[in-house]
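Single-letter residue listing:
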Amino acid sequence: MRPICTIPLVGIMILTGLSFSISGNGPVKEIGKAEPGFAVVELFTSEGCSSCPAADELAIALSKEYTMDVYFLGYHVDYWNYIGWKDKFSKADYTERQRQYAAAFKLKSIYTPQVVINGKRELVGSDQTRLRKVIREELKIKAPYEISVSAKLNKNEISVSYTTSVSDKHFLKIALVQVHAETPVKKGENSGRYLKHINVVRDMQSIAISKNGDGKTSFNVPAELPVSNVKIIAFVQDKDDLKIVGATNAAVQ
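Residues numbered from 1 in each chain as written. Predicted model: local features only at pLDDT ≥ 70, side-chain atom pairs only at ≥ 80, totals over all residues. Heavy atoms only, no water.

## Some remarks on the packing of helix 1 (residues 52–65) against helix 3 (residues 128–139)
Between two packed helices, both the angle of their axes relative to each other and the distance between the axes serve to describe the pair. Viewed as axis vectors pointing N to C, helix 1 and helix 3 meet at an angle of 35 degrees, and their least axial separation amounts to 12 Å. Between helix 1 and helix 3 lies a crossing whose hand is right-handed. Every residue of helix 3 that contacts helix 1 at Leu58, Leu62 and Glu65 is listed here: Gln128, Leu131, Arg132 and Ile135. Across the contact of helix 1 with helix 3, the residue classes tally to four nonpolar, one polar and two charged. (Axes fitted to C-alpha atoms, helices over the stretch in contact; angles between N-to-C directions. Helix = DSSP H or I, 4+ residues; strand = E, 2+ residues; numbered from the N terminus. Left-handed = near helix turned anticlockwise from the far one by under 90°. Contact = heavy atoms within 4.5 Å. Nonpolar A, V, L, I, M, F, W, Y, C, P; charged D, E, K, R; others polar.)

## Overview of unusual backbone geometry
Residues Thr112 and Pro113 are joined by a peptide bond in cis, for which omega reads -5 degrees. Mapped onto the secondary structure, Pro113 falls in the loop between strand 4 (109–112) and strand 5 (114–117). Positive phi, normally seen in glycine, also occurs at Asp69, with a value near 65 degrees. In this structure, Lys155 takes a positive phi of about 60 degrees despite not being glycine. Here Lys155 lies in the loop between strand 7 (147–154) and strand 8 (157–164). Here Lys155 falls in the exposed class, since its relative accessible area comes to 75%. (Buried < 20%, exposed > 50% of the residue type's maximum accessible area, 1.4 Å probe, protein only.)

This is the structure in structure tokens:
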């Protein structure tokens, strides 16, 4: 099996781990429809990492099965850009977010593919068995807070309105995501492969919640991206332990 791609918080080293294919467990139909909880699944990935396509494929497959209250976000990190292929979706901000999780989980290194579920659990992003298990567990836990968002297009700008009842010890994270993406990779470890992604985070805002919990913000739509391929995913995260306590999404009207 192929190793995961790892990089220590200081310096560079290679660790090995298990990678799992998306075959195996049978499909689960519309999981979450009658469940009280939710799951925000944050995937840290890179088009320059040979172990990552399996995790992206798994995210795509699971998004078709878990059709309610499971929110996939794809963060493309930038630390593998030097090995032959620059991931056009990568940002240093997403690498920094992954480092924050590494500190919270007391990890010695960051790696791809990694998934973090509700800011509580982290695991190899292609580990289908464990990921399904954690999602199911989170869906059974009643969401402690509710959040609602709406998004409207005005020319090339998306206006987002939100309402939540959480306290000021939380941040509201609002992500503009590209629902589907495909890339023919021409260099690097995935040279010759045609990679597919879901819910690629193109921009994210962190908002301090006001006393009444209501507010507005806006995003510019990338010029090459049709609005039909965009949606908003929002979640509320504790400032200290990074646990996510509520989430929702919205199509752009």
